[in-house]
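Read off the chains here:
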Amino acid sequence: MDIEKIRRDFPALQQYTWFQNGGVSLTPAPVAAEHIRRMEEILRRGPLHIVYPDEEYPRRQRTMDKLASFFGVEAAELALMRGVSEGFQTVIRGIEWQEGDEILISEDEEAALLLPALQLRDLHGVKVVKVPLLDDADQQVAAVEERLGARTKLLALSHVTTDLGFRLPVEKICRAASERGVLSFLDMAHSAGLYEMNLRDLGCDFAGLLSYKWMYSPYAAGLLYVRREKLEALRVHYAGGRAEARLDFVQDTYELHETAERFQYGPWSWPLVHAWAFAVEYLREIGQQAIWARTTALADQLKQGILHIAGAELYTPKSTECSAALVSFGLEGWGGEELSRVLREEQNMIIKAMPHGREGLRGSMAFFLHTSEIDQLITALAELAEQRRAS
Ligand SMILES: Cc1ncc(COP(=O)(O)O)c(C=O)c1O
C-alpha cells in the first residue's frame, strides 16, 4: 500500500491528525470528485431521471448492483435508507410487539439502536435485555445464548460496538438466534468497508449499513439489508412513494415491490448513492485485505502503546479477533473531554471523547494514518499521564 499516494487523496490530512474516522470519515478526492461530477451533471442537464430516464435508471441499477456485490447480496435485498437509524426503525416497526416481548441488544449500543429499543419499551412494554461484552468469542456467544429466551423477538447488535470497539462473533451469534427462531439485526456502521464481508454468510436477517465511516463516502447514505427469505417477516410500516410496484390512483389499489425496495419511501440524493458505489471501486483498488491488514496493524500499535503507559487502561479487547478499527482507552486522572481538548490544542489531533459510560477517548485507525502519528499519540498520552501523576 502506497501510503503517501493514498494520503494525497485526503487533503484535509495536511491540517491535522485524524483519529475521528469512526465519527464521519474523510472522503478521498476521487470519491468526492464523483459526487461533485454527479451534482454538476444535474446542474448542466437537469434532473436526470426526468429528462434522461433511459440513462439514469440503468445507472441507478448499476449503482445498487455494485453496492450489493460488495456486501455479497442481491440488489433485491437492499433498501435505500438515510443511515442505520432509519433501517433499524424500519425493522422494529415491521415486527408485531406484545407486552413482555424482549429485544436483546449489547451494553454498548449507539443511539441508532439504543433509543429505538428504549422507545419500544415505553410504547409497547417490551423488555430491553442487554448482553455484557466479553473479550472471548466463545464466552460472548454463550452470554448471548443465555439471554435468548422464549420471549426474545429480536436480537439487535452492533457488529463492532460504538464506544468500546468490541467486534462480536456475529456468525455464531446469528446462528444461535436463528436456531431459536429469533430474528437478527446487525448494525454494520463500524465494520462495513473494513474487510471483505458477505452479509449472507454472517447469517443475519437484517443489517443496517452506512456510507460515511469505513466506506469513506460522503455523509450520508444508508442501506437496509433484508435477507430474501425474511422479506415477509417484516410488515411494511412506512408505506410511501417508492415502495410501490403498482399504484392505481383511480381504483385506489396498489402492490408493493416484491423486493426489499418495498421498505423504501421518500426520495434520496442519488449523487450521494452513486458516490458511495464509486467508493466501493476505490476501496477495491487499494485492496480490502491490504486495508484490513493496515487497520489492524495500526490498532495493534496503539494498543501496545497504551498497555505500556502507567495509568492508562485499554477498554477495547487486545486481540484482533475481538476488535477492529476502534481503540478506546482511559487515562487516570483525565476526563475524556479534557483529554480530547488538550490533544487538539497541543498536538493538533482530532480524537473523540467517549460520550457516556467510561471516561476516555476513542481513536479511529483509518488506513491512511502514519505509524508516526500513532507514536506521537502514545508519547503525548504518556506525558499527560505523567503530568497528572506528578501533580
Ligand atoms: C454503532 C453505530 N451505529 C450507527 C451510527 C449512526 O447511525 P445513523 O446512520 O443513523 O446516523 C453510529 C455512529 O454515528 C454508530 O457508531
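Conventions we followed
- Residues numbered from 1 in each chain as written.
- Predicted model: local features only at pLDDT ≥ 70, side-chain atom pairs only at ≥ 80, totals over all residues.
- Heavy atoms only, no water.
- Pairing = 2+ DSSP bridges.
- Helix = DSSP H or I, 4+ residues; strand = E, 2+ residues; numbered from the N terminus.
- Domains from an automatic or database assignment.
- Buried area = accessible area lost by both parts, 1.4 Å probe.
- Salt bridge = Lys/Arg side-chain N within 4 Å of Asp/Glu carboxyl O.
- Polar contact = N/O pair within 3.5 Å; in protein donor to acceptor, adjacent residues only side chain to side chain.
- Nonpolar A, V, L, I, M, F, W, Y, C, P; charged D, E, K, R; others polar.
- Near = heavy atom within 4 Å.
- Areas by Shrake-Rupley, 256 points an atom, 1.4 Å probe, with all protein chains shown as cover.
- Buried < 20%, exposed > 50% of the residue type's maximum accessible area, 1.4 Å probe, protein only.
- Expected span 1.5 Å × (residues − 1).

## Topic: the sheet that holds strand β14 (residues 352-353)
As summarised here, the arrangement of the four strands in space is β11-β12-β15-β14, forming an open sheet in which the pairing is antiparallel. Lying at the two open borders of the sheet, with one neighbouring strand each, are β11 (312-314) and β14. In terms of strand pairing, β14 meets strand β15 (residues 361-364) through two bridges, oriented antiparallel. Residue A353 lies in a different strand from β15, and its bridge partner there is L361.

## Some remarks on the domain arrangement of the protein
According to the domain assignment, the protein contains domain 1 (3-27 + 287-386) and domain 2 (30-284). A straight line from the C-alpha centre of domain 1 to that of domain 2 covers 27 Å. Per-residue buried area on domain 1 facing domain 2 is highest for T27, Q288 and C322; these three make up 24% of the total on that side. Taken together, the connections running from domain 1 to domain 2 amount to one salt bridge. With a closest N to O distance of 3.6 Å, K352 and D163 form a salt bridge. Our count for the contact surface shared by domain 1 and domain 2 stands at 16 residue pairs in polar contact (both at pLDDT 80 or more). When residues of the side of domain 1 that touches domain 2 are traced back to their parent elements, those giving at least two are α11 (288-307), β12 (326-331) and β15. Looking at which element gives the most residues to the side of domain 1 that touches domain 2, the answer is α11, with four residues. Considering only residue class, the side of domain 1 that touches domain 2 consists of 18 nonpolar, 14 polar and five charged.

## Some details on the site of the ligand
Close to the ligand lie 13 residues; S85, T162, D187, Y212 and K213 are nearest. A distance of 2.8 Å separates an oxygen atom of the ligand from a polar backbone atom of V84. One nitrogen or oxygen atom from the side chain of S85 is found 2.5 Å from an oxygen atom belonging to the ligand. When the ligand sits alone it has 400 Å² of accessible area, and the protein chains cover 86% of it. Of the residues belonging to the shell around the ligand, the class tally is five nonpolar, five polar and three charged.

## Brief notes about the pairing of β12
In terms of burial, β12 is a largely internal element, six of the six residues being buried. Side-chain alternation along β12 places L326, S328 and G330 on one buried face and V327, F329 and L331 on a second face that is also buried. Strand direction decides the pairing type here: β11 and β12, joined by three bridges, are antiparallel. Counterpart to A312 in the pairing with β12 is L331. Alignment of β12 against β15, held across four bridges, turns out to be antiparallel. Paired with V327 across the two strands is G363, which belongs to β15.

## A word on unusual backbone geometry
That bond from Y219 to A220 is cis: its omega, 0 degrees, falls within 30 degrees of zero. Assignment of secondary structure puts A220 in the loop between β7 (206-210) and β8 (222-226). The backbone of Y216 sits at a positive phi, close to 55 degrees, despite the residue not being glycine. Mapped onto the secondary structure, Y216 falls in the loop between β7 and β8.

## As for helix α10 (residues 270-286)
If you check α10, its first and last C-alpha atoms are 25 Å apart, about what 17 residues at 1.5 Å a residue would give, namely 24 Å. Burial analysis of α10 places twelve of its 17 residues in the buried class, the great majority of the element. Turning to α10, its buried residues are W270, P271, L272, V273, H274, A275, W276, A277, A279, V280, Y282 and L283. Immediately beyond the C-terminal end of α10, within one or two residues, lies G287, with a positive phi of roughly 105 degrees.

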